[in-house]
Amino acid sequence: KPVIEVKNVSKIFKSKTSNVEALKDINLEIQKGEIFGIIGMSGAGKSTLVRCLNYLEKPSEGSVLIEGEDLGKLTEKELRKKRTEISMIFQHFNLLMQKKVIDNIAFPLIIQGVKKREARKRAEQLLETVGLSDKANAYPVQLSGGQKQRVAIARALAVNPKILLCDEATSALDPQTTESILELLQEINYKYGITIVIITHEMAVVRKICTHVAIVEKGRIIEQGTMVDIFNHP
Ligand code: ADP
Ligand code: ADP
């Protein structure tokens, strides 16, 4: 069965003055181990869609299933637990600026109740995975954009997620740094079998690492399939 299944999802943002229909009847199936790209222009609905995948945003209609489990049927407590299987990284990294790199990475484990010593040990291993062992005691402000995203990736991996959601994760980075971050994501996908969903407005990102892609336009998926299906390009 698919790791992620989106069935007839619509999302309407209502306000006093207007309604925005951000998603219209979205259907998606993402299988384990895929690197699935969601591409579209600004305002197409990509962020809303990815936020529906972990129920940070609740669909107005339809359902989202993670490993066959309907998120709409979970209690708040069950949902919080389920969310630990789904990590996310962002365009602007969202690191805790007053904490050292190592403590940023250990933080999600500490929240889960892991002892500080043990959490730091795991954080050290993750720093090695992302190639930043020498920055354990640095503060985020001392890092380049690419290094900050590596820390964010290590933090995302700390909880052993099954799914990694990347929302414009390379959009603030220069082309060389983008390339190296995408290579890291590819390595993580290969090594740990984590399913990766990549939201982007950049075709180059999709071409570089995605196995599958969906094209979003005005809240609808207008095409989806393997890279070969869509672009005749492996
Ligand atoms: P993208 O990520 O592709 O740029 P978004 O999902 O951010 O697109 O936005 C899709 C549409 O939904 C846009 O018209 C945006 O203004 C609207 N939208 C997104 N979030 C909200 C919100 N919280 N309230 C109202 N409208 C929103
Ligand atoms: P991004 O495109 O990087 O996701 P945005 O600037 O589109 O960032 O959105 C930032 C935040 O504002 C998001 O939480 C989004 O849901 C919300 N948002 C986006 N568009 C609107 C809107 N038209 N009205 C209210 N909130 C919005």
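No experiment lies behind these values; they were computed from the predicted model shown.

Trainee: Is there a simple way to explain the overall build of the protein in this structure?
Mentor: Per the secondary structure count, the protein includes 8 helices and 10 strands. The C-alpha radius of gyration computed for the protein amounts to 18 Å, which stays within 12% of the reference 17 Å derived for 234 residues, consistent with globular compactness. Dimensions of the protein, computed from C-alpha atoms along their principal axes, come out at roughly 45 × 40 × 40 Å. Within the protein, the fraction of its 234 residues that count as buried is 50%. Sequence-distant contacts, at least 24 apart, represent 68% of the contacts inside the protein between residues at least 6 apart. When the accessible surface of the protein is summed, it comes to about 12,000 Å², and 48% of that surface belongs to carbon and sulfur atoms. Across the protein, the centroid of the 34 positively charged side chains sits 7 Å from that of the 28 negatively charged ones.

Trainee: Whenever I open this one, the site of ligand 1 confuses me. Can you help?
Mentor: Every residue lining ligand 1 is accounted for by F13, V20, A22, M41, S42, G43, A44, G45, K46, S47 and T48. A distance of 2.7 Å separates an oxygen atom of ligand 1 from a polar backbone atom of G43. Backbone polar atom of G45 to an oxygen atom of ligand 1: 2.9 Å apart, as the coordinates give it. When the free accessible area of ligand 1 is taken as 560 Å², the share hidden by the protein chains comes to 58%. Elements supplying a minimum of two residues to the shell around ligand 1: β2 (19–30) and α1 (46–53).

Trainee: Hey, could you run me through the environment of A172 in this one?
Mentor: Its place among the elements puts A172 in the loop between β7 (163–167) and α6 (175–192). With 23 residues separating them in the primary sequence, A172 and Q149 have C-alpha atoms 9.8 Å apart.

Trainee: How should I be thinking about helix α3 (residues 101–111) in this particular structure?
Mentor: Within α3, 8 of the 11 residues are buried, which leaves it mostly tucked inside the rest of the structure. Three or more residues of α3 are buried, namely V101, I102, D103, N104, I105, A106, P108 and L109. G113, located one to two residues past α3, shows a positive phi value of around 95°.

Trainee: Looking at this model, I keep getting lost on the sheet that holds strand β9 (residues 212–217). Mind explaining?
Mentor: Backbone-to-backbone hydrogen bonds join strands into a sheet, with any given pair of strands oriented parallel or antiparallel. Pairing is mixed in the open sheet, where 6 strands are placed in the order β6-β7-β8-β3-β9-β10. Both outer strands of the open sheet, β6 (86–90) and β10 (220–226), are each paired with one neighbouring strand and no more. Neighbouring strand axes in the sheet, compared pairwise and without regard to direction, differ in orientation by 15° on average. One ladder, built from 5 bridges, connects strand β3 (residues 35–39) with strand β8 (residues 195–200); its direction is parallel. Directly across from F36, in β8, lies its bridge partner V197.

Trainee: What is the right way to look at the side chain of D70 in this model?
Mentor: The residue D70 is located in strand β5 (residues 69–70) in this model. For D70, a relative accessible area of 17% puts it in the buried group. From its side chain, D70 meets the backbone nitrogen of G72 in a polar contact 2.9 Å long. Here D70 is in contact with S63, V64 and L65, once residues within four sequence places are set aside.

Parameters and conventions
- Residues numbered from 1 in each chain as written.
- Chains lettered and ligands numbered in written order.
- Predicted model: local features only at pLDDT ≥ 70, side-chain atom pairs only at ≥ 80, totals over all residues.
- Heavy atoms only, no water.
- Helix = DSSP H or I, 4+ residues; strand = E, 2+ residues; numbered from the N terminus.
- Rg over C-alpha atoms; globule rule 2.2 N^0.38 Å.
- Buried < 20%, exposed > 50% of the residue type's maximum accessible area, 1.4 Å probe, protein only.
- Contact = heavy atoms within 4.5 Å.
- Areas by Shrake-Rupley, 256 points an atom, 1.4 Å probe, with all protein chains shown as cover.
- Lys, Arg positive; Asp, Glu negative; His and termini not counted.
- Charge placed at Lys NZ, Arg CZ, Asp CG, Glu CD.
- Near = heavy atom within 4 Å.
- Polar contact = N/O pair within 3.5 Å; in protein donor to acceptor, adjacent residues only side chain to side chain.
- Pairing = 2+ DSSP bridges.
- Axes fitted to C-alpha atoms, helices over the stretch in contact; angles between N-to-C directions.

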